[in-house]
Structures are given as C-alpha cells and as structure tokens.
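Spelled out from the first residue to the last, the chains are:
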Amino acid sequence: MLDEAVVTEAVARIAAGLGERVGELTGEMVQLYATELPNLVNNDESVVSLLAASLFQNLDTAMRIFQHGIDPTRVEAPAAAMEYARRLAQRGTPVIDLIRAYYLGQTAILNHALAEGRDQIRDPDLLGAMMQRALTGAFAFIDRVTQQVVSAYQEERDRWLLNRSAVRAARVRELLKGGGGAEAAGVETSLGYRLRGTHLAMIVWHAVEPAQGNALGALESVTAAVAGGLPTSGQPLLVPADERCAWVWFPLEKAVLPEEEHVRRVLDSAESTVRLVLGDPGEGIDGFRRSHRQAERVHALAVTAGEQCERALTFRDVGTIALMTSDLAATRSWVADILGPLATDDEQHERLRETLLVFLATGGSYTAAAARLTMHKNSVQYRVRKAEETLGRPITDNRLDVELALKVCQRLGPAVLAAP
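What you see is a predicted model, and the numbers here were worked out from it, not measured in a lab. (Residues numbered from 1 in each chain as written. Predicted model: local features only at pLDDT ≥ 70, side-chain atom pairs only at ≥ 80, totals over all residues. Heavy atoms only, no water.)

### Structural notes on unusual backbone geometry
The phi dihedral of Thr374 falls on the positive side, at around 50°, and the residue is not glycine. Mapped onto the elements, Thr374 comes out in the loop between helix H14 (366–373) and helix H15 (377–391). Residue classification places Thr374 among the exposed positions, given a relative accessible area of 70%. (Helix = DSSP H or I, 4+ residues; strand = E, 2+ residues; numbered from the N terminus. Buried < 20%, exposed > 50% of the residue type's maximum accessible area, 1.4 Å probe, protein only.)

### As for the side chain of Gln148
Along the chain, Gln148 turns up in helix H6 (residues 124–177). Relative accessible area serves as the criterion here: at 15%, Gln148 is assigned to the buried category. A distance of 3.1 Å separates a polar side-chain atom of Gln148 from the backbone oxygen of Val75. The residues touching Gln148, leaving out its near neighbours within four places in the chain, are Val75, Glu76, Ala77 and Met82. (Polar contact = N/O pair within 3.5 Å; in protein donor to acceptor, adjacent residues only side chain to side chain. Contact = heavy atoms within 4.5 Å.)

### Observations regarding helix H9 (residues 260–269)
Each α-helix winds once per 3.6 residues, and so residues spaced three or four apart point in a common direction. Restricting attention to buried positions, one finds in H9 the residues His262, Val263, Val266 and Leu267. Buried residues of H9, seen end-on, are gathered within an arc of 130° and therefore sit on one face of the element. Set apart from the buried face of H9 by more than 90 degrees, the exposed residues are Asp268 and Ser269. Those residues of H9 that are buried are in contact with helix H8 (215–227), strand E4 (274–278) and strand E6 (312–314). (Arc of directions from axis to C-beta.)

### Looking at the packing of aromatic side chains
Each aromatic ring pair is characterised by the separation of its centres together with the angle its planes make. As enumerated under the stated definition, the model contains three aromatic pairs in all. Ring geometry for Tyr193 and Phe288: centres 6.1 Å apart, planes at 55°, overall tilted. Of this pair, Tyr193 sits in the loop between helix H7 (184–191) and strand E1 (198–206) while Phe288 sits in helix H10 (residues 284–305), and the two are 95 residues apart along the sequence. A connected cluster of aromatic rings, assembled from ring pairs, spans Tyr193, Trp249 and Phe288. (Phe/Tyr/Trp six-rings, centres within 6.5 Å; stacked < 30°, edge-to-face > 60°.)

### Focus: the pattern of salt bridges
Evaluated as defined, the whole model comprises 15 salt bridges. Taking the shortest distance from any N to any O, the salt bridge between Arg13 and Glu9 comes out at 2.5 Å. Of this pair, Arg13 and Glu9 both sit in helix H1 (residues 4–19), four residues apart, which is roughly one turn of the helix. Of the residues examined, Glu9 reaches a relative accessible area of 43% and is grouped as partly exposed. (Salt bridge = Lys/Arg side-chain N within 4 Å of Asp/Glu carboxyl O.)

### Observations concerning the pairing of strand E2 (residues 237–242)
Summarising the sheet, E2 and strand E3 (residues 245–252) pair through five bridges and their orientation is antiparallel. When the bridges of E3 are listed, Leu238 appears paired with Val248. Counted between consecutive antiparallel strands, the loop separating E2 from E3 contains two residues. (Pairing = 2+ DSSP bridges.)

### Some points on helix H16 (residues 399–412)
The terminal C-alpha atoms of H16 lie 20 Å apart, and with 14 residues this matches the ideal 20 Å at 1.5 Å per residue to within 8%. Taken residue by residue, H16 has Val402, Glu403, Leu404, Ala405, Leu406, Val408, Cys409, Arg411 and Leu412 as its buried positions. Just beyond H16, the residue with positive phi is Gly413, at close to 60°. (Expected span 1.5 Å × (residues − 1).)

### Quick look at the layout of surface pockets
Roughly 1,100 Å³ of volume is contained in the largest pocket. Lining the largest pocket we find 37 residues, and of these Glu260, Arg264, Glu310, Gln410 and Arg411 sit closest to its centre. Contributing elements (two or more residues each) for the lining of the largest pocket: H9, E4, E6, helix H11 (315–324), helix H13 (347–361), H14 and H16. A class-by-class count of the residues in the lining of the largest pocket yields 17 nonpolar, four polar and 16 charged. Computed from the structure, the second largest pocket encloses a volume of approximately 390 Å³. Here the lining of the second largest pocket is composed, by residue class, of 10 nonpolar, four polar and four charged. (1 Å grid on protein atoms, 1.4 Å probe; cavity = no way out; pocket = protein on both sides within 12 Å on 5 of 7 lines; lining within 4 Å. Points joined across faces, edges and corners; volume = space filled by probe spheres on them. Nonpolar A, V, L, I, M, F, W, Y, C, P; charged D, E, K, R; others polar.)

Spelled out as structure tokens, the structure:
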C-alpha cells in the first residue's frame, strides 16, 4: 500500500517541474488550438493575446493547486479566462468550442505530466497512483473553471444580444410602420438583412417561462432548425420582441412554407414551452410587412386559444378566422353553428372530423382519403356518412365553411370545441 504522502510529494514534484515551463506550454497550447479549434484564434492579435493570457493563468493556477495541495473545487477562474470567454461571446463563437478547449488542454497537460513522471519515477505503482491523483485533480479543476467561464460567456452573450437587438428592433419597428420602400437600403445595411426578394415571417415564443432559462437562446435554436427546412437565400433575421418572444423573417429563394412534419420534428426537439406561427411568404418590403402582420394575427389567436391548441399554426390554415375576429368566444360559437354536435370534444367525434377533413382535402375521393389515412375505403365511407348524419345535412351544402371549421378545430382544439 503506497503512502499518501509519497504520492502527494510525487505529484507536487511533477507540478513544480511543469510550473517552470508554463510559458513554453502556453505557446504549445496556442498552436494546438490554432490547428484544432481555429475559431478560438481567428487571426486576431488581440484575441490571441487574451487566449495566451488565459492559458498562462489557468496553467499557473493548476500547477499551484498540485504543488500546494489546494482544493480545486474552491478555486476561482482566472480573470483573463473570464474575459476571454466574454470576448468569444461577443464574437458569436459557439460555446462548445470554449468547453472543448478546456478538455483538449487538460489532455495535453496530462500527457506532459505522464512524460515527466516516466522520466522521474521508476516505481510503476507510484507512477500509476500519481497519474490517478493528477487525473482526478485536473478533472475537478476543469469542471470548476468551465462552469464559471461558461456562465460568464452566457451572461455576456445575453447582454450583447439584447443590446444589439434593441437597436435592430427599433429599426425593424420603424420599417414595419413605414409606408414606402425608399428607406430600405439604409435599413438593409443596419440589419444585415436583404429586404428585396421573398420573405416569410414567423413569431416564436415561450407560452410560459422556460424552466431552463436562456429563453432567447432557445428561440434562436428553433429558428435555425426551422430555417434548415426552407430554401433560404441567407441567414434569418431574428428580433426579440420581449424576453420570451421573437419576430423572425426568413429570406427565401422561392415562396414556400416549411413542411408540417419538419416543423413538428423541430418542436418535438425544442423545449415544451415553445410555440410558433407563420405568415404567408411575400415579396419585397411590402411582403416583409404583410407576412409579419399575418403572423401577428395568428399569434393573437394562438395566445387567446391557450396551451391546448397546436404548437404551430399558419396563416394559411387559420388566417380567415384570425382576420374575422380575435374573439375566441365568437369563433367557438361559429364553429358550433357550422358543425353542430360534430364539434364535440371527444375521441369519437375527433375521428369523424379528421376523416371528413382529409376527405374534403383530397377532392371528395374515398380512395385518396383512404390512402392518406391508411385505412380501408369502406371505413372512410362509413365515417363520412356518420359525419354527415351528425351534421344533419350533406357536406356539399356549405362545403367551404365546413372545411374551414374542421381546420379550426384541428388547430385550436378544445379552445373551440364543445364539452362532451
């Protein structure tokens, strides 16, 4: 059984030797990052200088921890390391690169410690115990420091985004109120977004305060994911409307909406508090404004309907209702007038509504509806007949109203349905 004091002395001796080479090791680490994580260097002298200072202070602190037996869980991150994290946040460098840098550095220094240990220690048991102590201590130190620098990064990123966004939001609000397009060139420069071309507006928000914090960061992630399913010609424009809601515009190569299945996958992967609505694509600065106005109307309808409606709504689906009224009680009454008992909130009537909506959407074809619903044609015929009996009249009497009411039921759910 090895004496703990002997292991401690061996670790301190190796740390002292490496401590004398902190300047040399810092240079090696900068070169390593330039190769493995070029985002951290970016050919900027001021950034490289701050990176070197961060590395030097972290290495010096780590060696002193091992030399003097300091508890690594009580160490504060060096000032240069905190400032370097803030600088990366301002530049938009992904936080994962910052985290990887610390673990890449830990691996490199432990390799140096192992090489020193092999040169100085002949007893394999002592060498193993020394490296185990070094590995445990290094992990505790890295874990402690990364928590602090990531926190500094996130705070700075949020502050920087809010400050930058406040200016952008003011320009966007001016643009939305404007009557002509003469101001477009100047606004394009300040926003970094091209106003000519096709635009699709989206409003994305948290229905309630998210449990994990960083609300705007989550909305940014959802926006990027939605953009991945669109033929975009550039980066989307995202402007925070408040701490839990953002206005977004996607520059499109052609006027399309994202596939429903893609949007569903995006929301399934996002926090459960996230909701989104989409306008219709529009051309030029007028289309930029019109698509946003459409999204605003659907957003108002969604907020009124509450958490029970679908997490994603489009102006194409519920725009007619959104334009007619923002009075949900009036909408519920209209749905009841059109669908009668078919608007009952239970599984039986939900199946009838779904089948009838698909039947109408496929041009009244039992065969096409059966294929889409993956059920037998006779079952579709039976459900359509039952739906007509529930309506009390043929669906051909006011087909457009019936189809619209069915869509509203599908999207808004219990908010417009009658209790069983």
